[in-house]
Amino acid sequence: MCGRATLTVPSFEELARLLGVPYDAELAARYRPRFNMAPSDEHWIVAPFGSTARSLLPAKWGLSIGPKRLPNVRGEHAHKQLKNFAHARCLVPVDGFFEWSGDKGARVPHWFHPAQPHSLLLLAGVYGEGPEGFDFTVLTTKPNAAVAKVHDRMPVVIPTELADQWLRGDQDEALSLVKPAPDDLLVDTVVSTRANSARNDDPECLLPPTDAEAPRQRKLF
DNA sequence: CCAGACGTTGTT
DNA sequence: GTCTGG
DNA sequence: CCAGACGTTGTT
DNA sequence: GTCTGG
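Right, let's walk through the structure included here. (Residues numbered from 1 in each chain as written. Chains lettered and ligands numbered in written order. Predicted model: local features only at pLDDT ≥ 70, side-chain atom pairs only at ≥ 80, totals over all residues. Heavy atoms only, no water.)

1. Section: the protein's contact with DNA strand B
Applied cut-off: Here a residue is considered near a molecule or strand provided that any single heavy atom belonging to it is located within 4 Å of it. Distance and chemistry together define a polar contact, namely a pair of N or O atoms within 3.5 Å, with one atom able to donate a hydrogen and the other to accept it when in protein, and with adjacent residues in sequence counting only for side-chain atoms on both sides. Each helix is a run of H or I in the DSSP string that is no shorter than four residues. Each strand is a run of E no shorter than two, and both are numbered from the N terminus. Basically, the charged four are Asp, Glu, Lys and Arg, the nonpolar ten are Ala, Val, Leu, Ile, Met, Phe, Trp, Tyr, Cys and Pro, and anything else, Gly included, counts as polar.
Neighbouring DNA strand B are 14 residues, the closest being Met-1, Arg-74, Gln-81, Arg-107 and Thr-140. Near the protein, meaning within 4 Å, the atoms of DNA strand B are sugar or phosphate in a fraction of 76%, with bases accounting for the rest. One of the backbone N or O atoms of Asn-72 is found 3.4 Å from a sugar or linking oxygen in DNA strand B. Note that a phosphate oxygen of DNA strand B is positioned 3.4 Å from one of the side-chain N or O atoms of Asp-152. The set of elements that each furnish at least two residues to the surface near DNA strand B consists of strand S6 (68-70) and strand S7 (72-74). For the surface near DNA strand B, the element with the highest residue contribution is S7, accounting for three residues. Residues that form the surface near DNA strand B fall into these classes: four nonpolar, four polar and six charged.

Right, dumping it as structure tokens:
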């Protein structure tokens with residue numbers, strides 16, 4: 001669940017503006033819009049850092065715990081099973097995520113995203129810091145009605161106005177935000193199987209499937 | 001006390 | 001960061 | 001998450 | 001079947 005995401009905002013400057021964080025020209029060089037971001041990729045997290053209320057920091061998707069990297073952790077158990085929960089919460093800015101339907105070998109990607117283009121989703125994350133910098137995991141929860149049609153888990157989405165509650169609230173305040181998103185938050189768009197391979201990371205990943213590649217979706221009448 | 005662990009996903 | 005095991 | 005790989009030998 | 005890479 002939530003093993004692929006998008007952040008298509010064209011520029012780092014616009015991303016900083018949307019997030020309400022200071023624009024850092026040095027970090028901007030590391031930014032590129034993402035149409036098919038995968039675990040192990042460099043991404044970005046928002047977290048309280050140093051004396052700054054909110055910083056936008058580069059971080060690798062996949063929290064190192066022992067020898068493993070975890071793209072996701074169940075939100076329901078994070079407070080018990082991930083002992084740094086109370087001390088390393090973060091937000092993961094995306095503007096969509098993928099889930100797959102269909103049989104193995106014929107997977108059909110669904111892009112779940114806000115109706116408004118470039119409207120951000122703030123995913124609930126937990127981050128750590130290792131020898132090679134920051135890394136993070138995305139917390140999951142039960143799906144809302146839209147996502148339930150495809151899968152049985154979805155990422156925890158934090159409402160913009162409650163971002164500080166997630167980042168700076170106590171554990172109970174933060175835990176109360178671990179729940180499915182409202183049913184009307186996301187649009188389910190079936191897209192090209194080009195998105196199946198993480199080697200493809202371009203706007204074509206978000207186009208509708210061609211008839212040739214999606215015979216199962218084709219309407220017969 | 002210190003050392004070491006700390007987990008999810010989908011699929012059958 | 002914090003809990004468990006030795 | 002899905003796709004793709006999954007290996008050895010000796011020689012430079 | 002399982003692990004790695006993207």
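2. A look at the layout of surface pockets
So the rule is basically this: Here a cavity denotes a set of grid points, spaced 1 Å apart and computed over the protein atoms alone, in which a 1.4 Å probe fits but from which it cannot get out, and a pocket denotes an open set meeting protein on both sides within 12 Å along at least five of seven lines; residues with an atom within 4 Å of a point are reported as lining. Grid points are joined across faces, edges and corners, and a volume is the space filled by probe spheres set on the points.
By volume, the largest pocket is sized at about 230 Å³. Elements that contribute at least two residues to the lining of the largest pocket include exactly strand S11 (121-130) and strand S14 (157-158). Among the residues making up the lining of the largest pocket, the classes are represented as 12 nonpolar, two polar and one charged.

3. What to know about the packing of aromatic side chains
Inclusion rule: Stacked, tilted and edge-to-face pairs are distinguished by plane angle, under 30 degrees for stacked and over 60 for edge-to-face with tilted covering the rest, among Phe, Tyr and Trp rings (Trp via its six-membered ring) whose centres lie within 6.5 Å. Accessibility here uses a 1.4 Å probe with only protein chains present; expressed as a share of the type maximum, an area under 20% marks a residue as buried, one over 50% as exposed, and anything in between as partly exposed. The rule is short: NZ of Lys or CZ of Arg within 6 Å of the ring centre and within 35 degrees of the ring normal puts a charge over the ring.
One pass over the full model with this rule turns up eight aromatic pairs. Aromatic pair Phe-12 and Tyr-31: ring centres 5.7 Å apart, planes at 45°, arrangement tilted. Taken as a pair, Phe-12 in helix H1 (residues 12-19) and Tyr-31 in the loop between helix H2 (25-28) and strand S2 (34-37) lie far apart in primary sequence, 19 residues in all. Each member of the pair, Phe-12 together with Tyr-31, is buried. Measuring from centroid to centroid gives 5.8 Å for Tyr-127 and Phe-134, while their planes differ by 75°, and the two rings are edge-to-face. In this structure Phe-134 comes out as buried when scored by relative accessible area, which is 13%. By the ring-pair criterion, three or more aromatic residues cluster together here, those being Phe-12, Tyr-23, Tyr-31 and Trp-44. Lying over the aromatic face of Trp-166, Arg-89 brings its terminal NZ or CZ to 5.7 Å of the ring centre.

4. So, the pairing of strand S8 (residues 89-94)
To keep things clear, this is the line we draw: At least two DSSP bridges between two strands are required for those strands to pair.
Within S8, six of the six residues are buried, leaving the element largely enclosed by the surrounding structure. Sheet topology places S8 next to S11; six bridges connect them, and they run antiparallel. The residue of S11 that forms the bridge with Cys-90 is Gly-125.

5. Quick look at the pattern of salt bridges
To keep it simple, the criterion reads: A side-chain nitrogen of Lys or Arg and a carboxyl oxygen of Asp or Glu constitute a salt bridge if their distance falls within 4 Å.
Using the criterion set out here, one finds nine salt bridges in the structure. For Arg-194, the salt bridge identified is with Asp-202, shortest N-O distance 2.6 Å. You can call Asp-202 buried: its relative accessible area is 18%. Taken together, the shared-partner salt bridges in this structure form one network comprising Arg-32, Arg-34, Asp-41 and Asp-201.

6. Brief notes about the sheet that holds strand S9 (residues 96-101)
Note the following rule: Axis definition: a line fit to C-alpha positions, over the contact stretch in the case of helices; interaxial angles, taken between N-to-C directions, run 0 to 180 degrees.
Across the sheet, which stays open at both edges, the five strands sit in the order S2-S1-S9-S10-S15 with antiparallel pairing between neighbours. Two strands lie at the open edges of the sheet, namely S2 and strand S15 (187-190), each paired on one side alone. For this sheet, the mean inter-axis angle between neighbouring strands, taken without regard to orientation, is 25°. Relative to S15, strand S10 (residues 108-113) runs antiparallel, the two sharing four bridges. Each residue of the ladder has a partner; that of Trp-111, found in S15, is Thr-189.

7. A word on unusual backbone geometry
With glycine set apart, most residues show a phi of negative sign, and most peptide bonds adopt trans. Unlike most non-glycine residues, Ser-40 shows phi in positive territory, near 85°. Among the structural elements, Ser-40 can be located in the loop between S2 and strand S3 (42-49).

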